[in-house]
Amino acid sequence: SMHIADLSVGMLGANAIVGGAPSLAIGAALTAKTLGNGGVAASFTGDGGSNQGTVFEAMNMAVVLELPIVFVIENNGYGEATGRDYAVGTTSIAQRSASFGMPATTVDGTDFFAVYDATREAVQRARSGGGPSTIEAVAHRFHGHFEGDAQLYRTPEQVAELRTTDDPLQKFRASVAKTIGADELDEIDRAARELVGTAVAEARAAAYPPVSSLLTDVYVAY
Ligand SMILES: Cc1ncc(C[n+]2csc(CCOP(=O)(O)OP(=O)(O)O)c2C)c(N)n1
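About the cut-offs
- Residues numbered from 1 in each chain as written.
- Predicted model: local features only at pLDDT ≥ 70, side-chain atom pairs only at ≥ 80, totals over all residues.
- Heavy atoms only, no water.
- Helix = DSSP H or I, 4+ residues; strand = E, 2+ residues; numbered from the N terminus.
- Buried < 20%, exposed > 50% of the residue type's maximum accessible area, 1.4 Å probe, protein only.
- Pairing = 2+ DSSP bridges.
- Axes fitted to C-alpha atoms, helices over the stretch in contact; angles between N-to-C directions.
- Contact = heavy atoms within 4.5 Å.
- Salt bridge = Lys/Arg side-chain N within 4 Å of Asp/Glu carboxyl O.
- Polar contact = N/O pair within 3.5 Å; in protein donor to acceptor, adjacent residues only side chain to side chain.
- Near = heavy atom within 4 Å.
- Areas by Shrake-Rupley, 256 points an atom, 1.4 Å probe, with all protein chains shown as cover.
- Core = buried A, V, L, I, M, F, W, Y, C linked by side-chain atoms within 4.5 Å.
- Right-handed = clockwise from strand over helix to strand, strands pointing away.

Examining the environment of Met11
Moving on, step 1. Tracing the backbone through its elements, the reader meets Met11 in the segment before helix H1 (21–35).
Moving on, step 2. Classification of Met11 by relative accessible area gives exposed; the value is 73%.
Moving on, step 3. C-alpha separation for the pair Met11 and Ala42, spaced 31 residues apart in sequence, amounts to 9.6 Å.

Points about the sheet that holds strand E1 (residues 41–46)
Moving on, step 1. Pairing within the open sheet is parallel, and its four strands lie in the order E1-E2-E6-E5. Among the strands making up the open sheet, the edge pair consists of E1 and strand E5 (104–108). For this sheet, the mean angle separating the axes of adjacent strands, direction not counted, is 20 degrees.
Moving on, step 2. Where strand E2 (residues 69–75) and strand E6 (residues 133–138) come together, six bridges link them in parallel fashion. Directly across from Val72, in E6, lies its bridge partner Ile135.
Moving on, step 3. Across the sheet, helix H2 (residues 53–64) is in contact with E2 and E6; its angle to E2 comes to roughly 150 degrees.

Examining the pattern of salt bridges
Moving on, step 1. Inspection of every chain in the model, using the stated rule, returns eight salt bridges.
Moving on, step 2. Arg173 is the partner of Asp189 in a salt bridge, and the nearest nitrogen-oxygen pair spans 3.3 Å. Of this pair, Asp189 sits in helix H8 (residues 182–205) while Arg173 sits in helix H7 (residues 168–176), placing them 16 residues apart in sequence.
Moving on, step 3. The exposure class of Asp189 is partly exposed, given its relative accessible area of 33%.
Moving on, step 4. Bridged by salt links that share partners, the residues Arg173, Asp186 and Asp189 form one connected network.

Some details on the side chain of Gln151
Moving on, step 1. Considering the arrangement of structural elements, one finds Gln151 in the loop between E6 and helix H6 (156–165).
Moving on, step 2. A polar side-chain atom of Gln151 sits 2.7 Å from a polar atom in the side chain of Arg154.
Moving on, step 3. In this structure Gln151 touches His143, Gly144 and Val159, once residues within four positions along its chain are discounted.

Considerations on the site of the ligand
Moving on, step 1. In the neighbourhood of the ligand, 13 residues make up the surrounding shell, with Gly48, Gly49, Asn76, Glu80 and Arg141 lying closest.
Moving on, step 2. In this structure, an oxygen atom belonging to the ligand sits 2.8 Å away from a main-chain N or O atom of Gly48.
Moving on, step 3. Note that an oxygen atom of the ligand is positioned 2.8 Å from one of the backbone N or O atoms of Gly49.
Moving on, step 4. Here the ligand loses 62% of its free accessible area of 590 Å² to cover by the protein chains.

Overview of the nonpolar core
Moving on, step 1. The biggest cluster of nonpolar side chains holds 15 residues, and the ones touching the most others in it are Ile26, Met59, Ala62, Leu67, Ile69 and Phe71.
Moving on, step 2. Of all the secondary structure elements, the ones that give two or more residues to this core are H1, H2 and E2.
Moving on, step 3. Not counting residues up to four positions away in its chain, the partners in contact with Leu67 are Ile26, Ala29, Leu30, Lys33, Met61, Ala62, Gly131 and Pro132.

So, the pairing of E6
Moving on, step 1. Of all six residues in E6, five are buried, a share of seventy percent or more.
Moving on, step 2. Both E5 and E6 contribute to a ladder of five bridges, which runs parallel. Within E6, the position partnered with Thr106 by the bridge is Glu136.
Moving on, step 3. You can see the chain leave E5, run along helix H5 (residues 112–127) and come back into E6, and the turn it takes is right-handed.

With respect to the side chain of Asn75
Moving on, step 1. Relative to the assigned elements, Asn75 resides in strand E2.
Moving on, step 2. Judged by its relative accessible area of 4%, Asn75 falls in the buried class.
Moving on, step 3. Side chain to side chain, Asn75 and Glu136 meet in a polar contact 2.8 Å long.
Moving on, step 4. Setting aside its immediate chain neighbours within four residues, Asn75 contacts Asp47, Arg84, Ile93, Glu136, Ala137, Val138 and Ala139.

Below, the structure written as structure tokens:
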């Protein structure tokens, strides 16, 4: 079986431990560094998850071992129903990350090009032996923490407002309007909807996986 670090893109599965990704991802980063294969790990954590103790351990270890990793913190204002201002003991999550000794930046997480540029810089740094970075991407939720979240912590009017000011797709359209015509963008939207529709229909129609596949990739043979 292929080792995760041999893949050009490997995905370590999501897990139920909030803030669990950074400590898993530094393992992948250590693998990439040890094998010298140019791999770069990225972990994704919320503002709530950024307060979890192992996130700090992972950040420190990544600095100490100069690991090729990008810690992405998606700061969307709430951890479940708890406001960032209440639960996060710093006004800048990026600054807290920087205090571990790595470059850290805050970007508008709804601005495609801002995220792209910050990511490119961080990945290049990691790949050239410059160690870890943090990107704090600020964005807002359109939905609750889960389907059925009553969202008593904000009003429907606030959400409606966010949809007009904070929609990454609308912002993308506006930022490329001079170079890509509205017709072409509409066609991209249509093709994307069709692709998703086809994928959903195929998934619904597909047979369930066989019971024998239950343990595939669950255990690794060393
Ligand atoms: C270690 C751990 N502690 C607590 C929980 C319960 N829990 C699930 S989601 C969540 C809040 C996460 O907040 P954030 O990272 O901001 O994610 P978001 O709410 O934006 O999805 C908590 C505390 C958990 N799953 N794991």
